[in-house]
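Reading the structure
Letter by letter, the chains look like this.
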Number of protein chains: 2
Amino acid sequence: MERAERQRQLLSRLRPILGEAGLVARAAGFGPYESDGFTAYRERPLAVAIPEDEKQLRAVLQVCKELGTPIVPRGAGTGLSGGAMPHPEGLSISLARLNRILAIDPAARTARVQCGVRNLAISEAAAAHGLYYAPDPSSQIACTIGGNVAENAGGVHCLKYGLTLHNVLGVRGYTVEGEPIELGSMRGALDAAGPDLLALAIGSEGLLCLVTEVLVRLTPKPETARCLLASFADVAQAGAAVAALMAGAITPAGLELMDGPMTAAVEDFVHAGYDLSAAAILLCEADGTPEAVEAEIAAMRQTLQACGATRIDESRDEAERLRFWSGRKNAFPASGRVSPDYLCMDASIPRARLAEMLNAIASLQQRWHLRCFNVFHAGDGNLHPLILFDAKDPDQIRRAEGFGAEILERAVAMGGSITGEHGVGIEKLGGMCVQFSRAELEAFHAIKSCWDADGRLNPGKAIPQLHRCAEAGQLWVRGGRLPHPEIERF
Amino acid sequence: MERAERQRQLLSRLRPILGEAGLVARAAGFGPYESDGFTAYRERPLAVAIPEDEKQLRAVLQVCKELGTPIVPRGAGTGLSGGAMPHPEGLSISLARLNRILAIDPAARTARVQCGVRNLAISEAAAAHGLYYAPDPSSQIACTIGGNVAENAGGVHCLKYGLTLHNVLGVRGYTVEGEPIELGSMRGALDAAGPDLLALAIGSEGLLCLVTEVLVRLTPKPETARCLLASFADVAQAGAAVAALMAGAITPAGLELMDGPMTAAVEDFVHAGYDLSAAAILLCEADGTPEAVEAEIAAMRQTLQACGATRIDESRDEAERLRFWSGRKNAFPASGRVSPDYLCMDASIPRARLAEMLNAIASLQQRWHLRCFNVFHAGDGNLHPLILFDAKDPDQIRRAEGFGAEILERAVAMGGSITGEHGVGIEKLGGMCVQFSRAELEAFHAIKSCWDADGRLNPGKAIPQLHRCAEAGQLWVRGGRLPHPEIERF
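Residues numbered from 1 in each chain as written. Chains lettered and ligands numbered in written order. Predicted model: local features only at pLDDT ≥ 70, side-chain atom pairs only at ≥ 80, totals over all residues. Heavy atoms only, no water.

To continue, consider the environment of Ala 306 of chain B. Positionally, Ala 306 of chain B belongs in helix H9 (residues 290-306). Along the backbone, Ala 306 of chain B and Ala 244 of chain B are 62 residues apart, and their C-alpha atoms lie at a distance of 9.3 Å. (Helix = DSSP H or I, 4+ residues; strand = E, 2+ residues; numbered from the N terminus.)

Right, here's the structure in full:
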């Protein structure tokens, strides 16, 4: 059957369910749905369904089941690896209208919310009870909790408070077949019975099920917070300071690293008060009771000094603390001001190797003739190098991709991962072939098949086909890099 | 083939690999291996293999693969749900000799250990660096980290520090086919690539893979700890105090509840200084810096008083703190002194319903004409009612099992789970049919099949066969209780 005919058939079935308001049927309306925050690749779906309740969603799933239509769920579309990019033969389902906060239970410290509720909206609703939802991805003003679950989203405070996985107690939703499922406990009870399907679903990038409702853990708002801003004359010292802080008794509420070029770009943009003479700066936060914060800040200051910090500023009030953070939070847009395009990498390494990675990236800049800004969730060993390039120049695109691939490869060789928090999506399919063996990838496919035997749910994302890995293996080798042991498996 | 013939064949293949020292081949030697800590059921395996290294283990797995022999892995045998009970046609593999601590990295705060290392031995080895391994099951002096991974073990301090799942960064091991696997990161890096198989393996009760090596997170030893012992005149008030404490800004390092009869039995045994006039007592701990402990203890004391505590004792020194805990830690043996036998239940409920459950158990004691002591990880909503009975009286056995089943059923009806931390094993197979729908159980079987298509790894444990659920459904209904919605699914 032709694509146009499949599209006509699908629309004729969906219109009675969704009405015109719940359906984007024309190509002219597809624009906002053609990608997520990873805009390098775009695709047009057959249609976009925007159900307003679970009843409509179930009916849509039933239609897709009958027609064998692939499904790509999406939340706010802020993902950074293309996980929500449409399938050309599929239906995109926006869950953004399922956006009600269903219950807040201050005694149990939980909130039950629909998947389309924005991350920050949960904290806003919980604020009256002195509570908040701890994971704070940069996109928290826009991104939805459903998307957070799909990506196991992190954020600058996840070092102390954990990722989405550690802050979600249960989810409700549907299989691709439209069967209702509940994973974990939607009433917040400890649950050790059966394999941990909740943990499996969190971070599964929309490949296993559609989540419509989430029970999140709320955290008491710390009474106070204070931030140190420490300068270092070289990046290796800053990396060593991170290792030293993390080896101490205190888990900072946040521990971020920015290198000199990144700092300069940011300072020019938001005037956060960063030290422009530093090769790298660390943002180092403590939160809790005033007494605890006092003690922790003193201990961290001592460690920073012992590690050779050339200057340490301490936030004197909340306004100054927020100003310190404003620089970090605007690192990505600041990069956009300096360069027409940038590739935001996401990788993780053992913390002890931060300095080594920074030095490696410095060399790679020479090799690929491209600049790179570095901003790291350093406490987690989670790297976000931003490779600057101009997408109008095909050779720069090629070099940026080669540079990025090489960073990922180094991360894997150091015992790290090709993604720390942004997921695989379509962006990192090649990297998966580097990080995992054939047997491991087969295990991932097998798990996917348990939930979605026909492969209709977000097909082509997150887990590469093995033949693709064979080609990717070739690509890595063609790139001129020494294949490390992982690659030789292919 | 006859069992004796299969046994002969298996032994003839294993002897050259393991030698006499690594093999228990005679029924006379099976005694210690016939059960784990759940001694109600016993079984004899074809043999017990005790490999001394991974090379031997791999060779044993190869033999079992060739002969199609079921495999039951075991650690120290301290499990409480029969997960390590042998299979009559299978080989039990004791991993107790894989007991080396391979590396402690104080800067990264990790320890890499073999699966047979005892839980407490990790903390002992890490003590020199001011670190310890936080999850502390009651059996921690004996139980192994491999068993902890299999059961996702908890402990009294998991309220603040998390379960095994939250303290393990990576595992290495083998599939039932003998293929090497590595899940999570054995170098401690954050890893968001691919489905979270590490989380799936933790708590999988030996059904998915054999874990031989574990990378655990170490935690800085708190500078100090202090404990409050609070008395309440009725159990409902104690339950309400737990909810109030957990609704506050402080997460206690431990929050345990014992009812009056339990307290009396314990006090008679270890003289912990418990208030014998109380209907229930709470143990409520704070740890951290002296300043933080001071502040947290003051806040918790205030909450306890506001909730009607009739007496609050505060540990004046470490000796007294340990004395307070000695009662809680000896609750099980103390019960053994009072009654020839006891059934240790394990269930979870939402914390807000603790008082309701305590009252329900009080009524059930009348109905079943059996006594029950209650000791709860109250902060987690994790219940351990101990049903006292005499196994020499078949009617008491029947009544104890009926009583226990009814507690589990109530827990599920309250939105809780049939197990909070002891696992399903063979003990709770019936309860699984109460907690989960047919579709959910099918999903569990599907996951199991991904790892172990032939069902040779710990068969018959943790996930009930659907036909068994049909029978169990009958049992529940025959028991005369109103079937709740979960049951009607069958």
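On to the packing of helix H12 (residues 354-368) of chain B against helix H13 (residues 394-413) of chain B. All names here are of chain B. Direction vectors running N to C along H12 and H13 enclose 155 degrees, while the axes themselves pass 11 Å from each other. With respect to each other, H12 and H13 are oriented roughly antiparallel. Like other packed secondary-structure pairs, H12 and H13 cross with a definite hand, here right-handed. Along the contact surface, H12 presents Met 357, Ala 360, Ile 361, Leu 364, Gln 365, Arg 367 and Trp 368, while H13 presents Arg 398, Arg 399, Gly 402, Phe 403, Glu 406, Ile 407, Arg 410 and Ala 411. In the contact of H12 with H13, the residues fall into 8 nonpolar, 2 polar and 5 charged. (Axes fitted to C-alpha atoms, helices over the stretch in contact; angles between N-to-C directions. Parallel < 35°, antiparallel > 145°, perpendicular 65-115°, else oblique. Left-handed = near helix turned anticlockwise from the far one by under 90°. Contact = heavy atoms within 4.5 Å. Nonpolar A, V, L, I, M, F, W, Y, C, P; charged D, E, K, R; others polar.)

Okay, the side chain of His 384 of chain A next. All names here are of chain A. Counting through the fold element by element, His 384 comes out in strand S19 (residues 382-389). Of the polar contacts made by the side chain of His 384, one reaches the backbone oxygen of Met 345; its length is 3.1 Å. For His 384, the contacting residues outside a window of four places in its chain are Arg 328, Phe 332, Met 345, Asp 346, Phe 373, Asn 374, Val 375, Phe 376, His 377, Glu 421 and His 422. (Polar contact = N/O pair within 3.5 Å; in protein donor to acceptor, adjacent residues only side chain to side chain.)

Before going further, it helps to spend a moment on the interface of chain A and chain B. The partner chain B presents 58 residues to the 59 residues of chain A that form the contact. Here chain A and chain B share an interface that buries about 4,300 Å² over both sides, 61% of which is from carbon and sulfur atoms. Of all residues in chain A, the largest losses of buried area upon contact with chain B belong to Arg 109, Arg 187 and Leu 190 of chain A, amounting jointly to 15% of the total for that side. Linking chain A to chain B there are 0 salt bridges. In this assembly, chain A and chain B are joined by 14 residue pairs in polar contact (both at pLDDT 80 or more). (Buried area = accessible area lost by both parts, 1.4 Å probe. Salt bridge = Lys/Arg side-chain N within 4 Å of Asp/Glu carboxyl O.)

Right, let's get into the relation of the copies chain A and chain B. Structural alignment of chain A on chain B gives an RMSD of 0.0 Å, achieved by rotating through 180 degrees and translating 0.0 Å along the axis. Each copy turns onto its partner about a two-fold axis. Interface overlap between copies: 98% of the residues of chain A at the interface are likewise at the interface in chain B, consistent with a symmetric, same-surface contact. (Least-squares fit on C-alpha atoms with pLDDT ≥ 70 in both.)

If you trace the backbone, Thr 419 of chain B turns up in the loop between H13 and helix H14 (429-435). We classify Thr 419 of chain B as buried; its relative accessible area is 0%. Here the side chain of Thr 419 of chain B touches Asp 346 of chain B through a polar contact of 2.7 Å, side chain to side chain. Here the side chain of Thr 419 of chain B touches Glu 421 of chain B through a polar contact of 3.4 Å, landing on its backbone nitrogen. Discounting residues that sit within four places of it in the chain, Thr 419 of chain B has contacts with Leu 190, Asp 191, Ala 192 and Ala 193 of chain A together with Asp 346, Ala 347, Val 424 and Lys 428 of chain B. (Buried < 20%, exposed > 50% of the residue type's maximum accessible area, 1.4 Å probe, protein only.)

For the rest of this paragraph, the subject is the state of the cysteines. A covalent bond bridging the sulfur atoms of two cysteines is what the word disulfide describes. Residues and elements named next belong to chain A. Inspection of the entire model under this criterion finds 2 disulfides over all chains. The residue that forms a disulfide with Cys 433 is Cys 469, at a sulfur-sulfur distance of 2.2 Å. One quick way to see it: the torsion about the S-S bond of Cys 433 and Cys 469 is about -80 degrees, and its sign makes the bridge left-handed. In this pair, Cys 433 sits in helix H14 (residues 429-435) while Cys 469 sits in helix H16 (residues 466-478), placing the two residues 36 residues apart along the sequence. Accessibility classification places Cys 433 together with Cys 469 in one group, the buried group. Residue Cys 158 stays outside any disulfide, its sulfur separated by 11 Å from that of Cys 143, the closest cysteine. Its sulfur unpaired, Cys 284 is 7.3 Å from the next cysteine sulfur, which belongs to Cys 227. We classify Cys 284 as buried; its relative accessible area is 1%. (Disulfide = S-S within 2.5 Å.)

This part takes up helix H2 (residues 54-67) of chain A. Residues and elements named next belong to chain A. Between its first and last C-alpha, H2 extends 20 Å over 14 residues, near the 20 Å set by a 1.5 Å rise per residue. Regarding H2, the residues found buried are Glu 54, Gln 56, Leu 57, Val 60, Leu 61, Val 63 and Cys 64. The backbone nitrogen of Lys 55 lies 3.3 Å from a side-chain oxygen of the residue at the head of H2, namely Asp 53. (Expected span 1.5 Å × (residues − 1).)

Here we come to the nonpolar core. One finds Leu 282, Leu 304 and Trp 451 of chain A together with Leu 304 and Trp 451 of chain B to be the most contacted residues of the largest nonpolar core, which totals 183 residues. In contact with Trp 451 of chain B, not counting residues within four places along its chain, are Ile 447 of chain A together with Val 176, Ile 181, Leu 183, Leu 197, Leu 200, Leu 208 and Cys 209 of chain B. Membership of the second largest hydrophobic core comes to 24 residues, among which are Leu 11, Leu 46, Cys 64 and Leu 98 of chain B. (Core = buried A, V, L, I, M, F, W, Y, C linked by side-chain atoms within 4.5 Å.)

Right, let's get into the UniProt feature "domain: FAD-binding PCMH-type" (unreviewed entry) in chain A. Feature annotation in UniProt places "domain: FAD-binding PCMH-type" (unreviewed entry) on residues 41-221 of chain A, given in this structure's numbering. In residues 41-221 of chain A, helix accounts for 21% and strand for 25%; the two terminal C-alpha atoms are 39 Å from one another. (UniProt positions renumbered as here; feature names shortened; annotations may be inferred.)

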